[in-house]
Structures are given as C-alpha cells and as structure tokens.
Amino acid sequence: MSRHYRYRRSKDTEAAGSFVLVIAAAVIIAYQKLSTQALELLIAGALLLVVTVIGLVLLLHFKRAEHERQKLRTLSMVGINVMDPLAFEKYVAELLKSQGYGQITLTEKYDYGVDIIAVKDDISWGIQVKRYSDLVKAEAVRQVVTALRQYNCQRSMVVTNNVFSRPAKVLAASNNCVLIDRDGLAEWMVAFQAKGSRKSSVPVSALPQV
C-alpha cells in the first residue's frame, strides 16, 4: 500500500470522525431546546445522515483499496520487474502515447542519458527509463537533465519500475524534472488498460513470459 494512499485513507477517516462529532454536539444542544417529538425527528435524521456518510466513506475506501490491488495485479501481469530493458523502454513509450504524448522516438544507442524523446503540448521531453531492482539514485536524474540540450528538449522525466532515493527527488525538484516511480507507472498502466489499448505496437515476443 502506497504512502499516498494511506494518507488519503487517514484524511477520510478523520473527516468522517469530525462530522460525527459535529452531529452529536448538535443533538446535545437541541436536546435542551426542542420538544420531545421534534427531538426524536432530529435524532432520527441525524442517525440517517451519519449512517449515509459512514457508508460513503467505506465505499470510497473499498474503491481505493481495489484500485491499489488492480495496480499490483497489472504490474505482476505485465512482468515489469523481469522485462528486458529495451522491451521496457518500448512499453513505456506505449504508455506515454496513452498519456497524450506524441512524436515518440527511442534513442536506443548512444542515448547520453535520454532513452525516449516525446512531445506534449508543444513541449519536447527527454525521458530516462530505468528498470532497476534497487533505488534509482540521483545520477539518473543528473544524466537526463544534462542531456536535454543534446536532444533539443525542454523538459526532463525519469520513469522507473522502482522508487527514487531522497537525493534523486531533491535534484529532480531543483531541476523541474518529473519523476514517475513504481506507483505512478502502475497508474499509467491501469489507465492504459482501461482505455482498451490492446492494439499495442510492442511485439508480443518483446514482452517477457511470466
């Protein structure tokens, strides 16, 4: 479960708890001022409202939990962690297309820190792709940032199947470099599948058999 997901779940729970406390306080105050019949109606309405809010919070929680499970299933199904590096680059290129990027080319050889060049909203992106079994360190960010001018790109991005080290995040933030980690990659993959993009230009033979 991602840290971001745990944070959102915590905020939802806190909001629901605060709402219940407000309703309880309102009932207590009304108890001193309303007639018995009016108070009974108020309590019934308040209970119905509380049950509805709790139900909505639980529904949202289950939807988010299912989304997290779907991301894990997608990563496992495609076999990202055992994919050949070049096949991974091609797969990321397909995901970039589904994210609205165009004019996508792979440098493949002598990339100098940029594996994929793509354009979106008239901005040329230099993209470094790292299929790692460990943390992606600051060097990956440094490579793509310094290679932008070599490829006439305006923005930089690093995409990985893993996570970034803290120095990598700091360096990326100071250089306006976008980082797509394992969780962000899974989001792309889920969106890609949801669009029904089964007609991928990545040959089936290029994907690993898992």
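Every value quoted in this text rests on a predicted model; they were computed, and no experiment measured them. (Residues numbered from 1 in each chain as written. Predicted model: local features only at pLDDT ≥ 70, side-chain atom pairs only at ≥ 80, totals over all residues. Heavy atoms only, no water.)

Some thoughts on the overall build of the protein chain
Rule in force here: We count a stretch as a helix when DSSP gives it H or I for four or more residues in a row; a strand needs E for two or more, and each element gets its number in order from the N terminus. The cut-offs for exposure are 20% and 50% of the maximum accessible area for each residue type, with area from a 1.4 Å probe on protein chains only; residues under the lower value are buried, those over the upper are exposed, and the others partly exposed. Two residues qualify as a contact provided that any one of their heavy atoms is within 4.5 Å of a heavy atom in the partner residue. A 1.4 Å probe and the Shrake-Rupley method give the accessible areas. Residues count as covered only by the protein chains that appear here.
Counting its regular elements, the protein chain contains 6 helices and 5 strands. Listing the helices and strands of the protein chain from first to last along the sequence gives α-α-α-β-β-β-α-β-α-β-α. By the burial criterion, 36% of the 210 residues in the protein chain qualify as buried. For the protein chain, contacts bridging at least 24 residues in sequence account for 61% of all contacts bridging at least 6. Per element, the accessible surface of the protein chain, about 12,800 Å² overall, is 58% carbon and sulfur.

Examining the pattern of salt bridges
Applicable threshold: Salt bridges are identified by distance alone: a Lys or Arg side-chain nitrogen within 4 Å of an Asp or Glu carboxyl oxygen.
Counting across every chain of the model gives 2 salt bridges. Across the pair K97 and E94 runs a salt bridge, and its minimum N-O distance is 3.3 Å. Here E94 and K97 lie together in helix α3 (residues 85-98), a separation of 3 residues that amounts to about one turn. Here R142 ties to E139 by a salt bridge, and the two come within 2.7 Å at their closest N and O atoms. Here the residue R142 and the residue E139 both occupy positions in helix α4 (residues 138-147), the gap between them amounting to 3 residues, near one helical turn. By relative accessible area, which is 40% here, E139 ends up partly exposed.

What about the nonpolar core?
Stated formally: Among buried residues, those of type Ala, Val, Leu, Ile, Met, Phe, Trp, Tyr and Cys that are joined through side-chain atoms within 4.5 Å constitute a nonpolar core.
In this structure, L96, I116, I127, M157, V159 and L185 are the most contacted members of the largest nonpolar core, which totals 23 residues. Of all elements in the fold, only α3, β2 (116-120), β3 (123-130), β4 (155-160) and α6 (182-194) reach the threshold of two or more residues within this core. Top element by residues in this core is α3. It accounts for 7 residues. Ignoring sequence-local partners within four residues, the contact set of L185 consists of I80, F88, L95, V159, T160, N161 and I180. Core analysis: the next-biggest nonpolar cluster, separate from the first, contains 15 residues, V114, I117, V136 and A140 among them.

Regarding α3
What counts here: One less than the residue count of a helix, multiplied by 1.5 Å, gives the span that helix is expected to have. Within 3.5 Å is the distance limit for a polar contact, defined as a pair of N or O atoms, with the added protein rule that one can donate a hydrogen and the other accept it, and that residues adjacent in sequence qualify only through two side-chain atoms.
A rise of 1.5 Å per residue sets the reference length of α3, with its 14 residues, at 20 Å; its end C-alpha atoms lie 20 Å apart and thus fit the reference within 8%. Counting buried residues along α3, 10 of its 14 residues qualify, which places the element largely inside the surrounding structure. Within α3, the full set of buried residues consists of A87, F88, E89, Y91, V92, A93, E94, L95, L96 and S98. In this structure D84 caps α3, since a side-chain oxygen of it lies 3.0 Å from the backbone nitrogen of L86.

Some thoughts on the packing of α4 against helix α5 (residues 166-174)
Quick note on the threshold: Think of each axis as a best-fit line through the C-alpha atoms, taken over the contacting stretch in the case of a helix, with angles from 0 to 180 degrees between the N-to-C directions. Oblique is the label for any angle not under 35 degrees, not over 145, and not in the 65 to 115 range, which are roughly parallel, roughly antiparallel and roughly perpendicular in turn. As a working rule, the residues Ala, Val, Leu, Ile, Met, Phe, Trp, Tyr, Cys and Pro are called nonpolar, Asp, Glu, Lys and Arg charged, and the rest polar, with Gly in that last group.
Contact geometry for α4 and α5: axes closest at 7 Å, N-to-C directions at 25 degrees. In terms of axis orientation, α4 runs roughly parallel to α5. Taking contact as the criterion, the partners of A138, V141 and R142 in α4 are, on α5, P167, A168, L171 and A172. Of the residues in the contact of α4 with α5, the class split is 6 nonpolar, no polar and 1 charged.

Here we look at unusual backbone geometry
In this model, D122 sits at a positive phi of 65 degrees, which is unusual for a non-glycine residue. Looking at where D122 falls in the secondary structure, it is placed in the loop between β2 and β3. Note on D122: relative accessible area 77%, which makes it exposed. Look at N176: it is not a glycine, yet its phi comes out positive at around 55 degrees. Locating N176 in the fold gives a position in the loop between α5 and β5 (177-180). What makes N176 partly exposed here is its relative accessible area of 49%.

Focus on the sheet that holds β4
Test applied: Pairing between two strands requires that DSSP report at least two bridges joining them.
If you walk across this open sheet you meet the 5 strands as β1-β2-β3-β4-β5, and the pairing is mixed. A single partner strand is all that each edge strand has here, and the edge strands are β1 (102-106) and β5. Direction aside, neighbouring strands of the sheet carry axes that sit 20 degrees apart on average. Relative to β3, β2 runs antiparallel, the two sharing 5 bridges. Counted as the bridge partner of I117 is G126 from β3. Sheet strands in contact with α6 are β4 and β5, and its direction is about 90 degrees off that of β4.

Remember that the coordinates give geometry; whether it matters functionally is a separate question.
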